[in-house]
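Next come the chains, spelled out residue by residue.
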Amino acid sequence: MTNLCTLFFDSAITICGQPTLEDQIASLAEQYAGGFLESYRTGHRSFSHNSESPWTGLWDYLMEPLLEHRRMVPREAPSGALAEEVAAELIRSGVDKEDIRANHQHITIDLPNGRYRLYRGLQPGTPAGSLRILLPGQSRIFETGLAPGELSRLILFIDSVIPPLKRVMDRLEEDIRIAEKEYIAGQKAAEIARKAVSKLLEEVLPALDIEFSFGLVGESVRLNLRKELHGSVDIPLDEIPSFLSDSDRILSTLSPVKPQPTEWIPATSSFGNLRGWPIKRTK
């Protein structure tokens, strides 16, 4: 299966502009975008490690196969490249020194399509050779374990394939906006239907001393009905056997219990922070 791992290790950076590579990168992004949108629509929000940001999930989707491949390749190289060594390799590859900024914890690189951060290994969770993509989107910190030349080539490779990724992610952003509008429109229509159903039920069922709750399920109404009976009667002890043998007499002592007042309890929406519409139930 084609992934960023095979594209990186089987490709030289000089061919990154060829349409075939761009098409393959776009195809990977389309796969991710389709899964993310479906997950977003159903409310599961679980397609990526951090689905709050589509870009964060995309970087996981693309980078993990590559890094997993690297962990499986035996090597005698150091566990990770020093940030300064990678920066030097980038400068030798043509990156302007002005586009590389350093402080005591990390080095930040600005390239034509993105921004990247190399960690010096001075903090827990950021060993030497760790990489974070800052733009577009923001990735988590990846522990690459790559040698300086390989890591510099990876950064240049990623930057070269960002344009087709960005086109796909721009479409995904628009699709998400459309999905949200459709969801809100559907919820408004459901609220109108809920009010209509509630009015019909309120006109009939309470008069019959019937408690009810309901919810809208697609194009159907899920209706739960309940009628309670209560009775109290004093019977001489010697008449108990005859009373229990007469079912009609037992039932005649029962009368319906008036329904409890109802309240509307809102439910949580499947779309993150959007509020869902209430389901009616008794206190």
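Structure: see above.
(A) Spotlight on the overall build of the protein. Of the regular secondary structure elements, the protein holds seven helices and eleven strands. Taken across its 283 residues, the protein has 35% of its residues classed as buried. Sequence separation of at least 24 residues holds for 53% of the intrachain contacts in the protein that already meet a minimum separation of 6. Split by element, the accessible area of the protein, about 16,500 Å² in all, is 53% carbon and sulfur.

(B) A look at the nonpolar core. Formed by 44 residues in total, the largest nonpolar core has its most connected members in W59, L118, L131, I155 and L165. Breaking this core down by element, the ones donating at least two residues are α2 (19-42), α3 (54-72), α4 (83-92), β2 (106-110), β3 (115-119), β4 (130-135) and α5 (148-204). The element contributing the most residues to this core is α5, with 13 residues. Sequence-distant contacts of L118, that is, excluding residues within four places in its chain, are made with A83, V86, A87, H106, I107, I109, S130, L131, L151 and I155. Of all hydrophobic cores here, the second largest spans six residues; its members include V197, L205, I210 and F212.

(C) Structural view of the side chain of S152. If you trace the backbone, S152 turns up in helix α5. Apart from residues no more than four positions distant in its own chain, S152 is found in contact with V86, E89 and L90.

(D) Spatial organisation of the sheet that holds β3. Here we have five strands laid out as an open sheet, ordered β1-β2-β3-β4-β5, and antiparallel in their pairing. A single partner strand is all that each edge strand has here, and the edge strands are β1 (100-102) and β5 (142-143). Inspection of the sheet shows β2 paired to β3 by five bridges, in the antiparallel sense. Across the sheet, residue I109 finds its bridge partner in β3, namely Y116.

(E) Main features of unusual backbone geometry. Of the consecutive residues L135 and P136, the connecting peptide bond is found in the cis state with omega at -5°. Even without glycine at this site, D209 takes up a positive phi of about 55°. By the secondary structure assignment, D209 is in the loop between α5 and β6 (211-217). Judged by its relative accessible area of 13%, D209 falls in the buried class.

(F) Just a nonpolar patch on the surface, in detail. A cluster of nonpolar side chains, namely L216, V221, L223 and L225, defines an oily patch on the protein surface of about 310 Å² accessible area. At three residues, strand β7 (residues 220-226) tops the list of elements feeding residues into the nonpolar patch. Here V221 lies in strand β7.

(G) Main features of the packing of aromatic side chains. Inspection of every chain in the model, using the stated rule, returns four aromatic pairs. With a centroid separation of 5.9 Å and 40° between ring planes, the pair formed by Y32 and F36 is classed as tilted. Here F36 and Y32 lie together in helix α2, a separation of four residues that amounts to about one turn. With a relative accessible area of 3%, F36 lands in the buried category. The structure contains a cluster of three or more aromatic residues connected by ring pairs, namely Y32, F36, Y40 and Y61.

The rules behind these values
Residues numbered from 1 in each chain as written. Predicted model: local features only at pLDDT ≥ 70, side-chain atom pairs only at ≥ 80, totals over all residues. Heavy atoms only, no water. Helix = DSSP H or I, 4+ residues; strand = E, 2+ residues; numbered from the N terminus. Buried < 20%, exposed > 50% of the residue type's maximum accessible area, 1.4 Å probe, protein only. Contact = heavy atoms within 4.5 Å. Areas by Shrake-Rupley, 256 points an atom, 1.4 Å probe, with all protein chains shown as cover. Core = buried A, V, L, I, M, F, W, Y, C linked by side-chain atoms within 4.5 Å. Pairing = 2+ DSSP bridges. Patch = residues over 30% accessible without salt bridge, like charges linked within 9 Å, V, L, I, M, F, W, Y side chains within 5 Å. Salt bridge = Lys/Arg side-chain N within 4 Å of Asp/Glu carboxyl O. Phe/Tyr/Trp six-rings, centres within 6.5 Å; stacked < 30°, edge-to-face > 60°.

So yeah, pure geometry; function would need other evidence.
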